[in-house]
Amino acid sequence: VKEQVTEDMLNEVVNIYLTETETITHLDMPGISVSVDADDAEAIKERNNRYAELCKNRMGNDKYMDRSMQAFIGASKSKQVQCDSIVMVDTACEATTWDMYDSFYGAEQDKTELTAEPEKSGYSESIVNSSRGPEKTTSLLSTTSIGNTTLEDDAADPRLILQSEKFQKVLLVMERCILANIFQPKLAAYRQLPIVEGKQWLSPHRSIKHNVVTPETMEHREEDVERSLSPTLESLWVFSCELTKGRTISCMAWNKKNPDLLAVGYGEFDFRDQTPGLVCCWSLKNPTWPERVYHCNTGVTSLDFSAKHPYRLAVGMTDGTIAIYYVYSQDKTCAVSSSKCSKKHYSSTWQVKWAEQDMGLSGDDKEEALMSISADGRISKWFLHDDLDCVELMRLKRMQEEKDEMETEVKDKKKKGEILRSLNAGFCFDFHPVDSSIYLAGSIDGTIYKCSSSNSQQFLETYSQHFGPVTRIKWCPFNPNVFLSCSLDWTIKLWIQDQLTPLLCLTSTQKQVHDIMWSPKWATVFGAINEGQMKIWNLDYSTLDPVIVHMAAPGVKMTSLLFALQTDCVLVGDNSGQVTVYQIKNFTVGEGTGTVPVV
Amino acid sequence: MAEVEETLKRIQSQKGVQGIIIVNSEGIPIKTTMDNSSTVQYVGLIHQLVMKARSTLRDLDPQNDLTFLRIRSKKNEIMIAPDKDYFLIVIQNPSD
């Protein structure tokens, strides 16, 4: 039976092997010469001779005759064959450094070293990859194969893109870039960089506008001075947004670690106004929208950033609660609150401050604790473990000598010899810059108490020269014996630590003074806020008049003051929710550094 | 999502911002505040530019990558934030 010859069999590759056997050899070349000593040499010689003779006789011999013949010539036929055209294709691939890097490190996550050999394999692989890539790759700029070309790159859902965290970060950066363009001259002035006059690319036709001081509500004081320009304040920009419109600013604080981060607390001073408070953390990079916004239940009265843990922001509120926010997270709620603590303040917390306190006996243990003073007359020290817990540092007892009439919230003031004495509402305090266990506390009846945190029963000193509630006390950062106090009785008093009467009493207008602050740069300079004016005093220059007086816009009351730490700027908060940044210009201070003029 | 919308609105209302375009990786605009023809024009041209910029950077140092690109011209400034999945393009003219 004949085997069916299938297609496969025909296509099969058949191997044929040629081998030698005993009788058949591959190579067979008979020799053409014989050795003289061989056996049949004679016979061969005989034959050779006979052949030679034959050839000789052939020439004229009749035996041999020439004759020609014709052979068949085959008919020829021409045939043509055409093969398939060979299509030539040009392919090119750009193997860039990063392409090799990506394919090498990316998909496989190989950690082999970059020797010559692996590089080559990476190279060839990248060619293969790019030809298999989902996108068009024959273009020379086949740079679409960024990253992993083996990834299925179907475009992500637009909503997913918009919601991703990375996108939010990108938006943040973009917003800051845009704002940097807009605010660039102001920020440069803030950083005390020289401003380029004239040739600004931004506004070739209106180049001067950005740089020239536009006096909006400024009022120059005529100084009889040899300087051509008198010291003034130039408004740089305003921190304000929709959320803060119409709110009163009660306090401001710089972050201790990042001097460009500002926390502002919004809360009404009036007790009858129970609008919920707000805390905003502003960054210099974005004056139009705060980085963090925290809504609080009640008005915010004071703020402080911790020095040891710069992300902790302590907030004191009008209902006495103290809350601590961790500003690093985007979380809108407070991290810890004192509302559950049994010893919490039951009246407004007027000031909070983080201070370092000696914990152990060695004096090396300095732990940072939060101190607060409140209208219920107590100064407490708070510890943050899992929750806020406090220890009472001091109670502001009323002094024996009878003072003038108090507010209606205080009871039993007329009777002497009372065992139950109500406490003096505390308004403000400040810790000594050098010895942090000593602090001064100001109260609502004008008394300033000097206390020590190691003694919670007695005051070290009392200074009772103010006639109205003391709104702010500040130690001088340059001279540790001097402090300033301001009060609602229109005066600012400068004291030396151990003297019971103030050294200087400064009044310039008959308005309540809400806030004062020493300048961090110049020893004899401080700023003060009356209701409608902001004043900068230089004690070295004059103790009768302030050097700069700045009027607020009509209808707006200034409420809070803060000096910028590394630059000549001052921030003023007012009751319309705006924090204006002013730059102090043309302000030079004489040689006196820290020496208080003796009166 | 609301935060993103708010931030976009704020950016749009900043001084001098002429347009915002968000494009996905295929070159299709997801969100834009400009008219269609300008958007398409910007997208096409900027895509190529970003690719070239990215390629340049990575050729110099493969571990580096492009995070932000700003092009200042006489009339305005184009800011581009490229990413794997999308591009964010903002055109601003601060002297407005």
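From a predicted model like this one, the values you see are computed outputs, not experimental measurements.

## Quick word on the overall build of chain B
Alright, step 1. Helix and strand content of chain B: 2 helices and 5 strands.
Alright, step 2. Along the chain direction, N to C, the helices and strands of chain B fall in the order α-β-β-α-β-β-β.
Alright, step 3. Contacts in chain B between residues far apart in sequence, at least 24 positions, make up 38% of those at least 6 positions apart.
Alright, step 4. Accessible area for chain B stands at about 4,900 Å²; split by element, carbon and sulfur atoms hold 52% of it.

## A closer look at unusual backbone geometry
Residue and element names in this part refer to chain A.
Alright, step 1. Residues other than glycine seldom take positive phi values, yet Gln 192 does so here, at roughly 60 degrees.
Alright, step 2. With respect to the element layout, Gln 192 can be found in the loop between α6 (165-190) and β1 (232-239).
Alright, step 3. Under the relative-accessibility criterion, Gln 192 is labelled partly exposed at 38%.
Alright, step 4. One non-glycine residue, Trp 490, lies in the positive phi region at around 75 degrees.
Alright, step 5. Note that Trp 490 resides in the loop between β19 (482-487) and β20 (492-496).

## So, a nonpolar patch on the surface
Alright, step 1. A surface patch of nonpolar side chains, amounting to about 290 Å² of accessible area, comprises Val 5, Met 9 and Leu 10 of chain A.
Alright, step 2. Positionally, Val 5 of chain A belongs in the segment before α1 (7-11).

## Some points on the packing of aromatic side chains
Alright, step 1. Evaluation of the coordinates by the stated rule reveals 20 aromatic pairs over all chains.
Alright, step 2. The interplanar angle of 80 degrees and the centroid separation of 5.1 Å between the aromatic rings of Phe 167 of chain A and Tyr 86 of chain B together place this pair among those described as edge-to-face. One end of the pair, Phe 167 of chain A, is in helix α6; the other, Tyr 86 of chain B, is in strand β5 (residues 86-92), on a second chain. For the pair formed by Phe 167 of chain A and Tyr 86 of chain B, the shared burial category is buried.
Alright, step 3. Where Phe 483 of chain A meets Trp 495 of chain A, the ring centres are 5.9 Å apart and the plane angle is 10 degrees; that geometry is what we call stacked. Here the residue Phe 483 of chain A occupies a position in strand β19, and Trp 495 of chain A occupies one in strand β20, the gap between them amounting to 12 residues.

## Looking at the interface of chain B and chain A
Alright, step 1. Chain B puts 43 residues into the contact, and the matching count from chain A is 37 residues.
Alright, step 2. Each partner contributes to the roughly 3,800 Å² buried at the junction of chain B and chain A, and carbon and sulfur atoms together form 66% of this total.
Alright, step 3. Where chain B touches chain A, the interface holds 3 salt bridges.
Alright, step 4. The tally of links from chain B across to chain A stands at 13 residue pairs in polar contact (both at pLDDT 80 or more).
Alright, step 5. Elements represented by at least two residues in the side of chain B that touches chain A include exactly α1 (2-13), β1 (17-24), β2 (29-32), α2 (36-60), β3 (69-72), β4 (77-82) and β5 of chain B.
Alright, step 6. The dominant element in the side of chain B that touches chain A, judged by the number of residues it contributes, is α1 of chain B, at 7 residues.
Alright, step 7. For the side of chain B that touches chain A, the per-class residue count stands at 17 nonpolar, 10 polar and 16 charged.

## Some words on the nonpolar core
All names here are of chain A.
Alright, step 1. In this structure, Tyr 190, Phe 239, Leu 262, Met 534 and Leu 571 are the most contacted members of the largest nonpolar core, which totals 63 residues.
Alright, step 2. What Tyr 190 contacts, discounting residues up to four positions off in sequence, is Leu 236, Trp 237, Trp 254, Leu 284, Ala 564, Thr 567, Cys 569 and Val 581.
Alright, step 3. Core analysis: the next-biggest nonpolar cluster, separate from the first, contains 16 residues, Leu 303, Phe 305, Val 315 and Tyr 325 among them.

## Details of α6 of chain A
Residue and element names in this part refer to chain A.
Alright, step 1. Here α6 contains 26 residues, and its C-alpha end-to-end distance of 32 Å is more than 12% below the 38 Å for a straight helix at 1.5 Å per residue.
Alright, step 2. Largest kink in α6: about 75 degrees, centred on Phe 183, with the proline Pro 185 one to four residues after it.
Alright, step 3. Looking one or two residues past α6, Gln 192 carries a phi angle of roughly 60 degrees, positive in sign.

## Re the sheet that holds strand β5 (residues 292-295) of chain A
Residues and elements named next belong to chain A.
Alright, step 1. Reading across from one edge, β2-β3-β4-β5 is the order of the 4 strands in this open sheet, with antiparallel pairing throughout. Looking at which strands have only one partner, the edges of the open sheet turn out to be β2 (249-254) and β5. Put simply, the sheet's adjacent strands are angled 15 degrees from each other on average, direction ignored.
Alright, step 2. Pairing between β2 and strand β3 (residues 261-266): 5 bridges, direction antiparallel. Opposite Ile 249, over in β3, you have Tyr 266 as the bridge partner.

## Description of the packing of helix α3 (residues 97-105) of chain A against α2 of chain B
Alright, step 1. One way to put it is that α3 of chain A packs onto α2 of chain B with a least axis distance of 7 Å and a crossing angle of 75 degrees. The pairing of α3 of chain A with α2 of chain B is recorded here as roughly perpendicular in orientation. The residues of α2 of chain B that touch α3 of chain A, namely those facing Thr 97, Trp 98, Tyr 101 and Asp 102 of chain A, are Ser 55, Arg 58 and Asp 59 of chain B.

## Regarding the environment of Trp 282 of chain A
Residue and element names in this part refer to chain A.
Alright, step 1. For Trp 282, the location among the structural elements is in strand β4 (residues 278-283).
Alright, step 2. Spatially, the C-alpha atom of Trp 282 lies 9.7 Å from that of Trp 254, the residues being 28 residues apart in sequence.
Alright, step 3. Among the polar contacts made by the side chain of Trp 282, one reaches the side chain of Tyr 266 at a distance of 3.3 Å.

## A word on the confidence of the model for chain B
Alright, step 1. The predicted model of chain B averages 89 in pLDDT, with 99% of residues at 70 or higher.
Alright, step 2. For this predicted complex, the interface score ipTM comes out at 0.83, alongside a pTM of 0.68.

## Points about the confidence of the model for chain A
All names here are of chain A.
Alright, step 1. Looking at chain A, the pLDDT average stands at 75 and 78% of residues meet or exceed 70.
Alright, step 2. Per-element averaging of pLDDT across chain A places helix α4 (residues 116-132) at the bottom with 40 and β3 at the top with 90.
Alright, step 3. Low pLDDT, under 50, characterises residues 112-154; the stretch is placed with 45 contacts to residues that sit more than four places away or in other chains.
Alright, step 4. For the stretch residues 198-228, pLDDT sits under 50, and the model shows 52 contacts to residues farther than four places along the chain or on other chains.

## What about the side chain of Glu 291 of chain A?
Alright, step 1. Tracing the sequence through the fold places Glu 291 of chain A in the loop between β4 and β5.
Alright, step 2. A polar contact of 2.9 Å, which involves the side chain of Glu 291 of chain A, links it to the side chain of Arg 176 of chain A.

## Focus: the sheet that holds strand β21 (residues 504-506) of chain A
All names here are of chain A.
Alright, step 1. Taking strand neighbours across the sheet as the criterion, the 4 strands line up as β18-β19-β20-β21 in an open arrangement whose pairing is antiparallel. With one partner strand each, in any of the chains shown, β18 (470-475) and β21 form the two edges of the open sheet. When the angles between neighbouring strand axes are averaged without regard to direction, this sheet yields 20 degrees.
Alright, step 2. Two strands pair when backbone bridges link them, and β18 and β19 are joined in this way by 5 bridges, in the antiparallel orientation. For Lys 474, the partnering residue across the bridge sits in β19 and is Leu 484.

## With respect to the pattern of salt bridges
Alright, step 1. Enumeration according to the criterion identifies 19 salt bridges over all chains in this entry.
Alright, step 2. Between Arg 10 of chain B and Glu 175 of chain A there is a salt bridge, with the nearest N and O atoms lying 3.0 Å from each other. Remark: Glu 175 of chain A occurs in helix α6 and Arg 10 of chain B occurs in helix α1; the pair is interchain, linking two chains. Side by side, Arg 10 of chain B and Glu 175 of chain A carry an identical accessibility label, which is buried.

Thresholds, definitions, all that
- Note that residues are indexed from 1 along each chain, following the sequence as it is written.
- For this description, chains carry letters from A and ligands carry numbers from 1, given in the order in which they are written.
- For this predicted model, a pLDDT threshold of at least 70 governs which residues receive local features, and a threshold of 80 or more governs which side-chain atom pairs are given and counted, while totals over whole chains, interfaces and linings are taken from all residues.
- Note that water and hydrogens are dropped before the side-chain values are worked out from all heavy atoms of the structure.
- Put simply, DSSP H or I for four residues or longer makes a helix, DSSP E for two residues or longer makes a strand, and each gets a number counted from the N terminus.
- Here, two residues are considered to be in contact whenever any of their heavy atoms come within 4.5 Å of each other.
- Residue exposure ignores everything except the shown protein chains as possible cover, and the areas themselves are Shrake-Rupley values with a 1.4 Å probe.
- Burial status follows relative accessibility: with a 1.4 Å probe on protein chains alone, a residue under 20% of its type maximum counts as buried, one over 50% as exposed, and anything between as partly exposed.
- Patches here are clusters of residues that have more than 30% relative accessible area and form no salt bridge, with a 9 Å joining cutoff for like charges and a 5 Å cutoff for nonpolar side chains (Val, Leu, Ile, Met, Phe, Trp, Tyr).
- Whenever Lys or Arg places a side-chain nitrogen within 4 Å of a carboxyl oxygen from Asp or Glu, that contact is recorded as a salt bridge.
- Note on ring pairs: Phe, Tyr and Trp rings are taken, using the six-membered ring of Trp, and paired if centres are within 6.5 Å. Classes follow the plane angle, with under 30 degrees stacked, over 60 edge-to-face and the rest tilted.
- Buried area adds together the accessible area that both of two parts lose upon being put together, with accessible area traced by a 1.4 Å probe.
- Throughout this description, a polar contact denotes any pair of N or O atoms lying within 3.5 Å of each other; where both atoms belong to protein, one of them has to be capable of donating a hydrogen while the other can accept it, and for residues adjacent in sequence the pair is counted only when both atoms sit in side chains.
- Under this grouping Gly is polar, as are all residues other than the nonpolar Ala, Val, Leu, Ile, Met, Phe, Trp, Tyr, Cys and Pro and the charged Asp, Glu, Lys and Arg.
- Buried Ala, Val, Leu, Ile, Met, Phe, Trp, Tyr and Cys residues that are joined via side-chain atoms within 4.5 Å together make up what is termed a nonpolar core.
- Expected span, for any helix, means 1.5 Å times one less than how many residues it has.
- The seven residues ending at a residue and the seven starting there each receive a fitted axis; the angle between those axes is the bend at that residue.
- A strand pair is defined by DSSP finding two or more bridges across the two strands.
- All axes here are fitted lines through C-alpha atoms, helices being fitted over the stretch that makes contact, and every angle between N-to-C directions spans 0 to 180 degrees.
- In what follows, roughly perpendicular refers to angles from 65 to 115 degrees, roughly parallel to angles under 35, roughly antiparallel to angles over 145, and oblique to any angle outside these ranges.
- Every residue is assigned a pLDDT by the predictor, reflecting its confidence on a scale from 0 to 100.

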